[in-house]
Amino acid sequence: MPTPWSRRGFVKATGGAAAALSLAGTASATIPTSPAHAAPAEFENLRATWRGLVLGSGFSPTAEPFAAKLAQLGRSAAGWRSTMRPAPGSLWPDMVWLDPEPDTDTESYGYSAQIQLTFQRLRSMAEAYAQPGTGLTSDDAFARDVVTGIRHAVTDVYHAGQARYGNWYNWQIGGPQALLDAAIILYDHLDAELIATITAAVRGFVPDSAVASYTGTSTGANRVDLCRTIALSGLVGEDTDRLTVAAGALSPVFPYVTSGDGLYRDGSFVQHTWVPYAGSYGADLFTGLSLLLALLAGSPWEVTDPARQNYFDAVERAWAPFLYNGLCMDAVSGRAISRGLPPGDPKGANDDHLRGHSIIASIVALGGAASTEQNARWRALAKGWIQRAHFSPPHTNPMLSVHKLAQLRSVVDDTAVKPLPEQVEHRLFPSQDRAVHRRREWAACLSMASDRIAHYEWGNGENLRGYHTGAGWLSWWGDDYANEQYSQTFWPTVDPNRLPGITASQKRLADGQGGQWGAERPAVKWVGGTTDGTYAAVGQHLKGLASTLEARKSWFFLDEGIVCLGAGITAADGEAVDTVIDNRRLGPTGTNALTVDGRRKPASPGWTETLTDPSWAHIAGHGGYVFPAGGRVTALREERGGRWSDIRTGSSTTPLTDRYLTLYVDHGTDPVDGTYAYVVLPGAGAARTAASAASAQGLLRTLANTPQAQGVHVPALGFTAVNFWAAGTVGDLTADAPCSVLIRRRRDGTAAVCVSDPTRTLTTLTVTWRHRVTAVLSRPGTVERAVPGRDLTLTFGALTGEAGATQKVTVRTG
């Protein structure tokens with residue numbers, strides 16, 4: 001079949017360069033000049049490139065998982081074809097977009113979503129035509145039916161002059177991207193009139209002005225998505241100006257930001273101003289960037305802005321730290337943690353594993369636009385993640401698209417790629433109040449909130465009960481166990497007031513309370529810590545959501561485990577306050593043994609007991625817990641039910657059940673200056689846990705656990721760390737202002753002295769270490785005076801511009 005170009009004989013001439021864009025923050029941007037003429041072959045090559053990117057290549061359609069996935073796609077597409085009933089207000093009876101009262105209320109959001117869902121279904125049908133092994137491959141009669149569906153949708157609702165209603169996203173990103181994908185896949189079946197209708201509609205809803213300023217809904221991931229919509233409309237309409245606008249409008253995304261949406265120098269990624277979002281919006285941004293950069297590479301619109309290197313560097317600075325054995329840690333996924341089973345979907349939840357698999361595939365794709373060295377390293381990282389993904393192998397995940405599966409398969413099958421092992425490191429992200437600790441045998445992630453980062457985000461009916469995900473939520477996974485701990489049915493069945501690691505009032509909150517679009521943040525500044533890259537001291541001045549709760553919480557991240565201290569726990573709400581040592585999901589029938597001080601406890605749901613002065617506890621298949629100060633710990637086994645619809649409007653209402661084993665400290669009703677102290681030992685057996693408890697006094701010394709300071713000393717590691725909530729002296733350390741200090745002495749006679757200002761308010765700071773120091777070997781520019789001798793005195797200048805980052809001084813000790 002001849003192309004529409006040969007039928008129309010049309011060549012678009014722009015008559016010169018595109019009009020200059022007013023793009024905030026793009027003074028150094030490299031904006032391509034719009035070619036005065038672009039040959040039809042140029043656009044056809046780009047459309048072919050896009051088809052390859054979104055359909056995949058290099059896979060065998062008869063090999064699994066491709067064969068089953070393609071066959072299912074064909075069955076679904078045939079079913080949709082048979083039920084298509086074009087009518088005013090809908091294309092399918094189950095997808096009505098006609099809104100009787102169009103505005104921006106919840107009902108209108110639902111109607112506008114049907115526009116996007118309709119285009120996504122048409123896009124899948126177009127893919128069924130183009131992919132091999134679907135039973136509809138190259139069936140021109142089927143293609144004509146799909147085009148008929150497209151024509152109806154763009155005539156009835158998605159057309160120039162139609163007033164928007166509901167969610168802007170459906171009109172500017174989700175809907176048009178699916179429409180344009182379908183149009184590019186079926187381009188040879190479109191006539192000139194339909195092409196003009198499609199491009200006029202997209203230009204009407206997404207004009208060039210949508211990316212004229214870097215504000216509002218045109219930042220971060222949304223900006224990349226808008227650029228994708230504009231670029232694809234340029235491919236369909238063969239419009240050089242649209243491609244030029246899209247390529248140039250990416251530039252504001254690339255520079256590091258110091259507030260609001262975007263990528264921060266410390267690797268943080270924030271969207272919606274206050275929410276860490278590398279695993280959701282960030283993943284979308286990553287996917288969009290990888291596709292657009294690959295699409296435009298080698299064309300007149302190639303993106304050459306030098307600042308794009310920031311996002312290449314971000315693979316290992318912003319995304320890799322949150323990827324573990326194929327999963328993406330939920331602490332950076334915002335509302336997406338509530339996106340489980342949609343009604344009637346039998347496949348499986350949209351969980352941390354699916355998000356991780358998709359990000360890994362995007363990293364592989366981005367490698368095609370990166371340097372040879374970076375591409376090779378990323379493929380080695382990807383192969384390591386894939387090989388260690390014991391619970392859910394990425395390259396066989398049936399919920400991934402064919403093109404993402406093909407990307408992952410290309411890594412698995414490449415014998416020249418040697419997998420990189422798990423990293424041993426600590427990564428602190430002060431700009432998003434997150435920390436990640438990684439060892440060969442386990443990894444952990446800490447989630448906090450401050451006046452910079454929201455308690456949580458609720459919106460679009462999603463994440464209705466995420467209230468306390470910023471209250472010191474500590475999640476952890478083992479190397480070959482518990483990788484499904486926060487997957488599957490965790491979020492709809494877990495007690496939202498007893499997430500692992502949090503200190504929270506047991507006051508029951510209304511769905512979505514205090515979380516709308518991440519607007520509510522605690523009025524605290526001291527959240528963060530310091531790290532030498534291997535160990536860390538992290539602290540959170542906690543103020544509870546919708547409660548009077550206040551506390552100081554500290555975590556000290558070491559080789560074998562995490563030391564957890566809490567002090568100043570106070571509230572006056574007439575409600576009990578708990579600190580959750582851990583809350584392990586055991587599965588629907590789990591009976592994992594709980595052993596306390598050598599005695600096994602009952603395994604039946606409904607059992608609970610308050611343990612007085614326990615020395616240690618162990619949960620079979622998970623790990624151990626040591627209580628250096630004894631105290632009172634409550635153990636609880638319960639069987640909990642829930643539905644995905646409980647935490648996300650419109651999701652599956654199928655009842656779910658899981659068993660949980662919870663260990664928590666009950667601080668009582670309206671506590672005053674409550675405390676806690678425990679050590680989490682991921683993966684430790686009962687014998688090692690008991691041995692750690694028996695030798696705790698010799699291996700670990702708690703220096704302070706008060707509302708003024710919290711600190712520990714571990715002689716075997718040469719490790720001393722103190723979180724100073726106020727000026728004072730703890731052990732050998734003195735600070736004249738609130739700060740975080742970590743000392744690590746090495747066997748070669750050197751030591752690292754790491755200091756940070758989590759409050760970001762200090763104009764001067766003096767820290768004294770009462771230990772003989774003979775020389776200062778290195779120091780950052782923030783150190784105005786370093787005096788070695790019998791004591792080491794460090795005087796820092798203003799730390800307000802350091803964004804909570806660690807200031808590391810290296811010394812030689814006497």
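Residues numbered from 1 in each chain as written. Predicted model: local features only at pLDDT ≥ 70, side-chain atom pairs only at ≥ 80, totals over all residues. Heavy atoms only, no water.

1. Structural notes on the sheet that holds strand 7 (residues 434-438)
Operational definition: Strands are treated as partners if at least two bridges between them are detected by DSSP. Helix and strand labels come from DSSP, where a helix needs a run of H or I of at least four residues and a strand needs a run of E of at least two; each type is numbered from the N terminus. Helix axes are fitted only over the stretch in contact, all axes being lines through C-alpha atoms; the angle between N-to-C directions runs from 0 to 180 degrees.
The four strands are arranged 6-7-8-9 in an open sheet whose pairing can be described as antiparallel. Each edge of the sheet is formed by a strand with only one pairing partner; in this case those strands are strand 6 (425-429) and strand 9 (473-478). Shown here is a sheet whose adjacent strand axes are inclined to one another by a mean of 10°, direction ignored. Across five bridges, strand 7 lies against strand 8 (residues 442-447) in antiparallel orientation. Within strand 8, the residue paired with R434 across the bridge is S447.

2. Section: empty space enclosed by the protein
Formally: A 1.4 Å probe that fits but cannot get out identifies a cavity on a 1 Å grid over protein atoms alone, an open set with protein on both sides within 12 Å along at least five of seven lines counts as a pocket, and a residue lines either if it has an atom within 4 Å of a point. Grid points are joined across faces, edges and corners, and a volume is the space filled by probe spheres set on the points. Side-chain classes follow a simple rule in which Ala, Val, Leu, Ile, Met, Phe, Trp, Tyr, Cys and Pro form the nonpolar group, Asp, Glu, Lys and Arg form the charged group, and the remainder, Gly included, forms the polar group.
One pass over the structure, following the stated rule, counts five cavities of 30 Å³ or more. By volume, the largest cavity amounts to about 130 Å³. In terms of lining residues, the largest cavity is bounded by 17 residues, among which A331, G334, R434, Y456 and T469 are the most central. Classifying every residue of the lining of the largest cavity by side-chain character gives eight nonpolar, six polar and three charged. For the second largest cavity, the calculated volume is near 100 Å³. Around the second largest cavity sit 19 residues that line it, and A471, L542, K543, G544 and L545 are the ones nearest its centre.

3. As for the layout of surface pockets
Put simply, the second largest pocket is a space of about 510 Å³. Taken together, 22 residues line the second largest pocket, and the ones lying closest to its centre are R265, D266, E802, A803 and A805. The dominant element in the lining of the second largest pocket, judged by the number of residues it contributes, is strand 6, at three residues. A class-by-class count of the residues in the lining of the second largest pocket yields seven nonpolar, eight polar and seven charged.

4. Some points on the pairing of strand 15 (residues 576-587)
How we decide: Per-residue accessibility, obtained with a 1.4 Å probe over protein chains only, is compared with the maximum for each type, and a residue is labelled buried under 20%, exposed over 50%, and partly exposed between these values.
Among the 12 residues that make up strand 15, 11 are buried, leaving the element largely enclosed by the rest of the structure. Examined bridge by bridge, strand 15 and strand 22 (residues 656-669) share nine bridges and lie antiparallel to one another. The residue bridging V580 from the neighbouring strand is Y664, located in strand 22.

5. Description of helix 13 (residues 372-387)
Rules: A helix is expected to span 1.5 Å for every residue after the first. Two residues qualify as a contact provided that any one of their heavy atoms is within 4.5 Å of a heavy atom in the partner residue.
The terminal C-alpha atoms of helix 13, which comprises 16 residues, lie 23 Å apart, in line with the 22 Å expected from a rise of 1.5 Å per residue. Along helix 13, the positions that sit buried rather than exposed are Q374, W378, R379, A380, L381, A382, K383, G384, W385 and I386. Of the surrounding secondary structure, the elements contacted by the buried residues of helix 13 are helix 11 (309-319), strand 4 (323-324), helix 12 (352-366), helix 14 (402-412) and strand 7.

6. Focus on helix 3 (residues 66-83)
Rules: In this context, the arc is that of the directions from the helix axis out to the C-beta atoms.
End to end, helix 3 covers 26 Å across 18 residues, agreeing with the expected 26 Å (1.5 Å per residue, within 8%). Taken together, the buried positions of helix 3 are occupied by F66, A67, L70, L73, G74 and A77. Angular distribution of buried residues about the axis of helix 3 spans 125°; they occupy a single face of the element. On the buried face of helix 3, the contacting elements are helix 4 (106-130), helix 5 (140-156) and helix 14.

7. Some thoughts on the environment of A370
Of note, A370 is situated in the loop between helix 12 and helix 13. A370 gets classed as buried once you look at its relative accessible area, which sits at 18%. Taking the C-alpha atoms as reference, A370 lies 9.7 Å from S290; in sequence the two are 80 residues apart. Not counting chain neighbours up to four residues away, the residues in contact with A370 comprise F312 and W378.

8. A look at the side chain of R228
Looking at the secondary structure, you find R228 in helix 8 (residues 220-237). Since its relative accessible area comes to 11%, R228 is described here as buried. With residues near it in sequence (within four places) discarded, R228 still touches W50, Q177, D181, L291 and L292.

9. Some remarks on unusual backbone geometry
The omega angle of the peptide bond from E64 to P65 is 5°, so this bond is cis rather than trans. Unusually for a residue other than glycine, D597 sits at a positive phi of about 50°. When its relative accessible area of 25% is taken as the criterion, D597 is described as partly exposed. Although it is not a glycine, R760 adopts a positive phi angle of roughly 60°. Relative to the elements of secondary structure, R760 occurs in the loop between strand 30 (750-756) and strand 31 (765-769).

10. Thoughts on the state of the cysteines
One way to say it: the disulfide is the covalent bond shared by the sulfur atoms of two cysteines. Here is the rule: Only a pair of cysteine sulfur atoms within 2.5 Å counts as a disulfide in this structure description.
Under the defined criterion, the tally for this structure stands at zero disulfides. C564 carries a free sulfur, and the closest cysteine sulfur to it, the one in C445, is 14 Å from it. Here C754 is not disulfide-linked; the sulfur of C739 is the nearest cysteine sulfur, at 12 Å. C754 gets classed as buried once you look at its relative accessible area, which sits at 0%.

11. Remarks on the sheet that holds strand 17 (residues 599-600)
Pairing is antiparallel across the open sheet formed by nine strands, whose spatial order is 11-12-13-14-23-20-19-16-17. The open sheet is flanked by strand 11 (527-531) and strand 17, the only strands paired with a single partner. Packing against the sheet, helix 16 (residues 686-694) makes contact with strand 19 (616-619), strand 20 (623-626) and strand 23 (674-682), and its axis sits at approximately 165° to strand 19.

12. Observations regarding the nonpolar core
Generally speaking, nonpolar side chains in soluble globular proteins are found buried as a group. Worth spelling out the cut-off: Remark: nonpolar core denotes a set of buried residues (Ala, Val, Leu, Ile, Met, Phe, Trp, Tyr, Cys) joined through side-chain atoms within 4.5 Å.
Counting residues in each nonpolar core, the largest one holds 189 residues, and the members touching the most others are Y158, I198 and W319. If we ignore the near neighbours within four places in the chain, the residues touching I198 are I150, V154, L179, L180, A183 and L190. A704, L765, V773 and L799 belong to the second largest nonpolar core, which has 27 residues in total.

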